[in-house]
Amino acid sequence: ILQNLVIENNGTIVGGSAWKTCNHLKLFGLHFPVFFARYLTYALKPTTVLQFGCGLGTIADFLARHVPGGTRVVCIENEPMLGDFFLQGIVNKNLTTKDYPFMRRYPARAMQIDLEIFSETDQPCTKAFVDSKEKFELVLCLEVAEHYPPEKLDQLLDWLVSITGKYLIFSAARPNQAGKGHFEGSMKAATWWVRQFHKRGMLTVPDMTRELRQTANPERYYDLAKNTLVFRVSTEKTQDDSLPPPIADCRYYHAPECPRTKLGVIEWKDSLGLWHQRQSWVEGNWQALWPEVDILVRRLREGELS
């Protein structure tokens, strides 16, 4: 699927404000925040997950495969996704599980749903998520909101809150943050987003916010490490805002520089030995988790598929 997407676009960047698979691969490669995903997986252990806007789908795929005890992961994404990460084929109401041989072969995979929550034709499905008694224990929306015009933000936030059963982890581009396809009016400071979620009854979880930001540094220092916010529903029985019970070995979240370091990105770059050690470790994870995609990304960057 990846190779076909690249060949169809002649290995070039596709224009437009929407997120595109080929754009992402050309500019960023796999771009997977290893320790951020490990924290979600091993600290939160969510039994159900919905991610709104999945990029390549690496986080969704990692959660589906590695949450202890298993989990059900749903991804809302209307762009063609990579078969390495998702059930083959986009979910269609006329299809059943027999139509998904990939599902039978690889049960621990995220399921993609082609849904545009702002589309009139998709409103029945959008409303079905809200009306369902089953909420998602973990809802993710990471660096997506800035790709929607400002007049759509209220509807987006209402929908995200309505489907959250416990934790909502949100990240969006701040003002003047570099990137492709951002709406300037939708790039807000973290304090603005916090006010919006508080108005909708969500509570902040400051300790977990700090912890998750730390796990994303330095690989994603420019977005997740600065923008991530963690909220929980106010009706959740547990009123403790502290971190989930820690895993004894903090290298689940911060290897290989354990014990946890509070280095900023400048200090990371000054500590070149530590920087290169971690970068090699991170890229090794990418190569082990998705070897075929990693090879194709390298071929794309070297011009073999142009």
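What counts, and where the lines are drawn
Residues numbered from 1 in each chain as written. Predicted model: local features only at pLDDT ≥ 70, side-chain atom pairs only at ≥ 80, totals over all residues. Heavy atoms only, no water. Helix = DSSP H or I, 4+ residues; strand = E, 2+ residues; numbered from the N terminus. Buried < 20%, exposed > 50% of the residue type's maximum accessible area, 1.4 Å probe, protein only. Contact = heavy atoms within 4.5 Å. Areas by Shrake-Rupley, 256 points an atom, 1.4 Å probe, with all protein chains shown as cover. Salt bridge = Lys/Arg side-chain N within 4 Å of Asp/Glu carboxyl O. Pairing = 2+ DSSP bridges. Axes fitted to C-alpha atoms, helices over the stretch in contact; angles between N-to-C directions. Disulfide = S-S within 2.5 Å. Parallel < 35°, antiparallel > 145°, perpendicular 65-115°, else oblique. Left-handed = near helix turned anticlockwise from the far one by under 90°. Nonpolar A, V, L, I, M, F, W, Y, C, P; charged D, E, K, R; others polar. pLDDT = per-residue confidence, 0-100. Phe/Tyr/Trp six-rings, centres within 6.5 Å; stacked < 30°, edge-to-face > 60°.

(A) Seen up close, the overall build of the chain. When helices and strands are counted, the chain shows 14 helices and seven strands. Within the span of the chain, comprising 306 residues, buried residues form 49% of the whole. Of all intrachain contacts in the chain linking residues separated by at least 6 positions in sequence, the fraction that spans at least 24 positions is 73%. Working note: accessible area of the chain is about 14,500 Å², and carbon and sulfur atoms make up 53% of it.

(B) How the structure looks around the pattern of salt bridges. Counted according to the given criterion, the structure contains eight salt bridges. With a closest N to O distance of 2.1 Å, Arg210 and Asp207 form a salt bridge. Of this pair, Arg210 and Asp207 are both found in helix H9 (residues 206-215), three residues apart, which corresponds to roughly one turn of the helix. Of the residues examined, Asp207 reaches a relative accessible area of 28% and is grouped as partly exposed. Several salt bridges share partner residues, and in doing so they unite Asp61, Arg65 and Arg109 into one network.

(C) Layout of the sheet that holds strand S4 (residues 136-142). The strand order across the open sheet formed by seven strands is S3-S2-S1-S4-S5-S7-S6, and the pairing between neighbours is mixed. With partners counted over all chains shown, the strands left at the sheet margins are strand S3 (111-113) and strand S6 (202-204), one partner each. On average, each strand axis in the sheet is inclined to that of its neighbour by 25°, with strand direction left out of account. Note: strand S2 (residues 72-76) against S3, three bridges, orientation parallel. In the sheet register, Cys75 faces S3, and the bridge partner there is Gln112. Across the face of the sheet, H9 comes into contact with strand S5 (164-171), S6 and strand S7 (229-233) while running at roughly 145° to S7.

(D) Summary view of the state of the cysteines. If you walk through the whole model with that rule in mind, you get one disulfide. Put simply, Cys54 and Cys75 are joined by a disulfide, and their sulfur atoms are 1.8 Å apart. Torsion about the S-S bond of the Cys54 and Cys75 cystine: about 140°, corresponding to right-handed handedness. Of this pair, Cys54 sits in the loop between strand S1 (48-52) and helix H4 (58-66) while Cys75 sits in strand S2; the two residues are 21 residues apart in sequence, bridging distant segments of the chain. Cys141 forms no disulfide, and the closest cysteine sulfur to it belongs to Cys54, at a distance of 9.8 Å.

(E) Inspection of the packing of helix H7 (residues 153-162) against helix H8 (residues 190-199) at higher detail. Between H7 and H8, the shortest axis-to-axis distance is 10 Å and the interhelical angle comes to 55°. Viewed along their axes, H7 and H8 adopt a mutual orientation that is oblique. As H7 runs across H8, the sense of the crossing is right-handed. On H8, the residues that touch Leu153, Asp154, Leu157 and Val161 of H7 are Trp192, Trp193, Gln196 and Phe197. Tallied by class, the residues present in the contact of H7 with H8 amount to six nonpolar, one polar and one charged.

(F) A look at unusual backbone geometry. For the peptide bond that leads from Asn217 to Pro218, omega is 10°, which places it in the cis range. Mapped onto the fold, Pro218 is located in the loop between H9 and helix H10 (224-227). A positive phi angle is found at His31, which is not glycine, with a value near 65°. Position of His31 among the secondary structure elements: in the loop between helix H2 (21-28) and helix H3 (34-44).

(G) Focus on the confidence of the model for the chain. Across the chain, the average pLDDT comes to 78, with 72% of residues at or above 70. Across the chain, the secondary-structure element scoring lowest on mean pLDDT is helix H1 (residues 2-8), at 46, and the one scoring highest is H8, at 98. Low pLDDT (under 50) marks residues 5-17, which in the prediction has 26 contacts with non-local residues, meaning those over four places away or in another chain. Low pLDDT, under 50, characterises residues 88-97; the stretch is placed with 15 contacts to residues that sit more than four places away or in other chains.

(H) The packing of aromatic side chains, seen in detail. One pass over the full model with this rule turns up 11 aromatic pairs. When the ring of Phe35 is compared with that of Trp281, the centres are 5.3 Å apart and the planes differ by 20°; the resulting orientation is stacked. With a gap of 246 residues between them, Phe35 in helix H3 and Trp281 in helix H13 (residues 272-289) connect regions that are remote in the sequence. We classify Phe35 as buried; its relative accessible area is 1%. On the basis of relative accessibility, which here comes to 30%, the residue Trp281 falls in the partly exposed class. Judged by centre distance (4.5 Å) and plane angle (35°), the rings of Phe197 and Phe231 are tilted. Here Phe197, found in helix H8, pairs with Phe231, found in strand S7; they are 34 residues apart in sequence, far enough to count as distant. Classification of Phe231 as buried rests on a relative accessible area of 0%.

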